[in-house]
Amino acid sequence: MLRFIKVFLPFLLIAFTTNNILAQRSSGPGMGGGNRSSNGIVGKVLDDQSGNPIQYANIMLHDSDSEAAITGTITDERGRFNITPVKPGNYFVTIKFMGYEEMRIDSLTITMATPMAMVGEVFIVPATMSGESVVVERERTTMEYKIDKKVINVGQDLTSSSGTAVEVLENVPSVQVDIDGNVELRGSSNFTVLIDNRPSILDGNEALQTIPASTIDNIEIITNPSAAYDPDGVSGIINIITKKSKLEGMSGIANLNAGMLGQLGGDILLNYRNHRYTAYISAAYHSRVYEGQDTSMSITTVGDTSYYVGQQGGRRFEHGGYRLRTGIDFTLSDNDVLGINLSYGSRGFSRSSENAFTEYFEYPTYLSSVYKSTSEADSDRGGSYYNLGGNFEHRFTGPTHRLEVSGRYSIRESDDESTTMQFDVTGEQVSGRITSENGPTSRGRLEVKYEQPWANDGKLEAGYQFRSGISSDENGLQIWDSTTTDYLVVDSYAFDTEYKRNIQSLYSVMSSNFGKLGIQGAFVLNTPIGTLYSSIALMNFKLIVGITSPASIYHTISPQPRNS
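Residues numbered from 1 in each chain as written. Predicted model: local features only at pLDDT ≥ 70, side-chain atom pairs only at ≥ 80, totals over all residues. Heavy atoms only, no water.

(A) Structural view of the packing of aromatic side chains. Scanning the entire structure with this criterion turns up seven aromatic pairs. The interplanar angle of 45° and the centroid separation of 5.9 Å between the aromatic rings of Tyr-272 and Tyr-277 together place this pair among those described as tilted. Since its relative accessible area comes to 32%, Tyr-272 is described here as partly exposed. Taking 6.0 Å as the distance between ring centres and 15° as the angle between the ring planes, the aromatic pair formed by Tyr-290 and Phe-317 counts as stacked. Taken as a pair, Tyr-290 in strand S19 (residues 277–302) and Phe-317 in strand S20 (residues 305–331) lie far apart in primary sequence, 27 residues in all. Of the two residues examined, Tyr-290 and Phe-317, each falls in the buried class. An aromatic cluster of three or more residues is present, and its members are Tyr-322, Tyr-344 and Tyr-386. (Phe/Tyr/Trp six-rings, centres within 6.5 Å; stacked < 30°, edge-to-face > 60°. Buried < 20%, exposed > 50% of the residue type's maximum accessible area, 1.4 Å probe, protein only. Helix = DSSP H or I, 4+ residues; strand = E, 2+ residues; numbered from the N terminus.)

So this is what it looks like as structure tokens:
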């Protein structure tokens, strides 16, 4: 119960200030009113007794005059926090964390001359309580550190009751999520998404925005992928492990959530299990909308003359889709399981913006404008996807000593169209452009994997992979013609592209642990298949050394009388 409250309280406080946070972000760099991206308040929160950093402490920024909450954040794994951007004014900060006394820091002033308020190191004092001893056993940690990955256990997290995988990742170290729900891993959007250890047919951000958070058991952040993973994700891998019922007989779960601006989502899972087979079917739907305002003023000085261009407008981003999944696992014997699964879904992404531009000469001395215009931009991307897979697993002497053979085939339809238009002061269109890219992508995969335990809780892995893929696209361009007041096709930009790849790989991985120190070594051989490249092989060796943390915590809490 204490652990539940400890996780629940920071996210509840952050939820109350979400609208304020979004409002500040949407008026970010380049806005009028003197806001700059460098304006902010930074500091570090430490334990008063041990000096250790406090992770996930809740930091709230308040206006000094009204004492109203402005925005907030939480500390990272090193106890650091950074509240930005912050408008010029007088503020105070409150620091709260379960089990510690609340602290308030006053007299924080942000001005154009001093845009940053450096709080420095802040030591918070542990709170004491009176009562009988409480024993908590085998409580899952929020995050576990393994030799090659971080595991975030979100099964009991409040964020798992609504939203998508993107909302769950917002407070995960190494992951950044912007106001539109776009995810970056270690500062890059070039990452791979796995669902239950199998690559998704969708692009990374698309896959995360289509997975309901309520169906996620845990998330693995793999920033140092071993040879057992595909090398496609440059910045790393995000592996989504979905919930699976272990109850005998019929069981199920359903979730429904709704929010402002037309946000809606829901999912349902039905599961049947007996000693011979396990079958499941699930369905999910979600719709998310994000809106914002943009304002800017640019200045160009040529000699003694200055030119000012003001821009003001709004933007809207929305995405949604649905997904159906079904599968069945047959228990052939005590050590053999055969599984078949099928999934189908559709997703759509839409962006739109409208901006008004006004050019001034010698502003603000002369307020007469020399040119006014408006622009509109729209883009739509989406399509359906299918996936058929199967796997066979044989266990030898335990869950970590096994042989697995798996294969899958998937198809993704993709239609992408972007339109930009510009209008003069009378509302007449003066220019425009429409670009399109349409076509399917199909992928096939076969993998054989062997695992067995190794010394000191280590593991030996070896396997073979075959991957095949083909992508076809039809590209087009249309330009606005003011004479005919219509779009004309540009034949020189109308072309078809086709991309094929066939790759086979051999790999082996060996890992071992020495206390909290883990060591892992790997070897991989990648060979393209084809008449021209049949003799080319890419060999890689990799060594990883890291610190691991246990998967469970054993606590005994012995309250002491409060100090007077």
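Having seen the structure, we can now continue with the description.
(B) Representation of the pattern of salt bridges within the structure. One pass over the structure, following the stated rule, counts 13 salt bridges. In this structure, Glu-291 and Arg-316 form a salt bridge, with 2.3 Å as the shortest nitrogen-oxygen distance. Placement of Glu-291 in strand S19 and of Arg-316 in strand S20 is noted, with a sequence separation of 25 residues between them. Owing to a relative accessible area of 29%, Arg-316 belongs among the partly exposed residues under this scheme. Here Arg-395 ties to Glu-393 by a salt bridge, and the two come within 2.8 Å at their closest N and O atoms. A residue is classified by how much of its surface remains accessible, and Glu-393, at 17% relative accessible area, is buried. Through salt bridges with shared partners, a single ionic network connects Glu-393, Arg-395, Arg-402, Glu-404, Lys-449, Glu-451 and Glu-461. (Salt bridge = Lys/Arg side-chain N within 4 Å of Asp/Glu carboxyl O.)

(C) Looking closely at a nonpolar patch on the surface. A cluster of nonpolar side chains, contributed by Phe-330, Leu-332, Leu-338, Ile-340, Leu-342 and Leu-388, occupies part of the molecular surface with about 520 Å² of accessible area. Counting residues per element, the nonpolar patch draws most heavily on strand S21 (residues 336–361), which supplies three residues. Mapped onto the elements, Leu-338 comes out in strand S21. (Patch = residues over 30% accessible without salt bridge, like charges linked within 9 Å, V, L, I, M, F, W, Y side chains within 5 Å. Areas by Shrake-Rupley, 256 points an atom, 1.4 Å probe, with all protein chains shown as cover.)

(D) Spatial organisation of the nonpolar core. One finds Leu-169, Val-183, Leu-208, Ile-221 and Ile-238 to be the most contacted residues of the largest nonpolar core, which totals 26 residues. Looking at this core, the element that brings in the most residues is helix H3 (residues 165–169), giving four residues. Ignoring any residue separated from it by four or fewer positions in sequence, one finds Val-183 in contact with Val-166, Leu-169, Val-175, Gln-176, Val-177, Ser-189, Phe-191, Asn-205, Leu-208 and Ile-238. Counting residues in each nonpolar core, the second largest holds 20 residues, with Ile-54, Phe-81, Val-93 and Ile-110 among its members. (Core = buried A, V, L, I, M, F, W, Y, C linked by side-chain atoms within 4.5 Å. Contact = heavy atoms within 4.5 Å.)

(E) Looking closely at the sheet that holds strand S2 (residues 58–63). Reading across the sheet, the four strands line up as S3-S2-S5-S6 and stay open at both edges, with antiparallel pairing between neighbours. The open sheet has two edge strands with one neighbour each: strand S3 (69–74) and strand S6 (103–110). Across the sheet, the mean angle from the axis of one strand to that of its neighbour is 25°, orientation sign disregarded. Bridge count between S2 and S3: five bridges; the pairing is antiparallel. Across the sheet, the residue bridging to His-62 is Ala-69, located in S3. (Pairing = 2+ DSSP bridges. Axes fitted to C-alpha atoms, helices over the stretch in contact; angles between N-to-C directions.)

(F) Quick peek at the pairing of strand S5 (residues 89–96). Judged from the six bridges that link them, S2 and S5 form a sheet pairing that is antiparallel. Each bridged residue has a counterpart across the sheet, and for Asn-58 the counterpart in S5 is Lys-96. Note that S5 and S6 share six bridges and pair antiparallel. If you follow Ile-95 over to S6, its bridge partner there is Met-103. Taking the residues that link successive antiparallel strands as the turn, the S5-S6 hairpin has six residues, and the phi of Gly-99 there is positive, at about 90°.

(G) How the structure looks around the environment of Ala-117. If you trace the backbone, Ala-117 turns up in strand S7 (residues 116–124). With a relative accessible area of 8%, Ala-117 lands in the buried category. In sequence terms Ala-117 and Gly-43 are 74 residues apart; their C-alpha atoms lie 8.7 Å from each other. Setting aside residues no more than four positions away along its own chain, Ala-117 makes contact with Gly-40, Ile-41, Val-42, Leu-108 and Ile-110.

(H) Spatial organisation of unusual backbone geometry. Residue Pro-85 follows Thr-84 across a cis peptide bond; omega there is -5°. Among the secondary structure elements, Pro-85 is positioned in the loop between strand S4 (80–83) and S5. The backbone of Tyr-56 sits at a positive phi, close to 70°, despite the residue not being glycine. At Thr-485, a position not held by glycine, the phi torsion is positive, near 50°. The class for Thr-485 is exposed, based on a relative accessible area of 51%.

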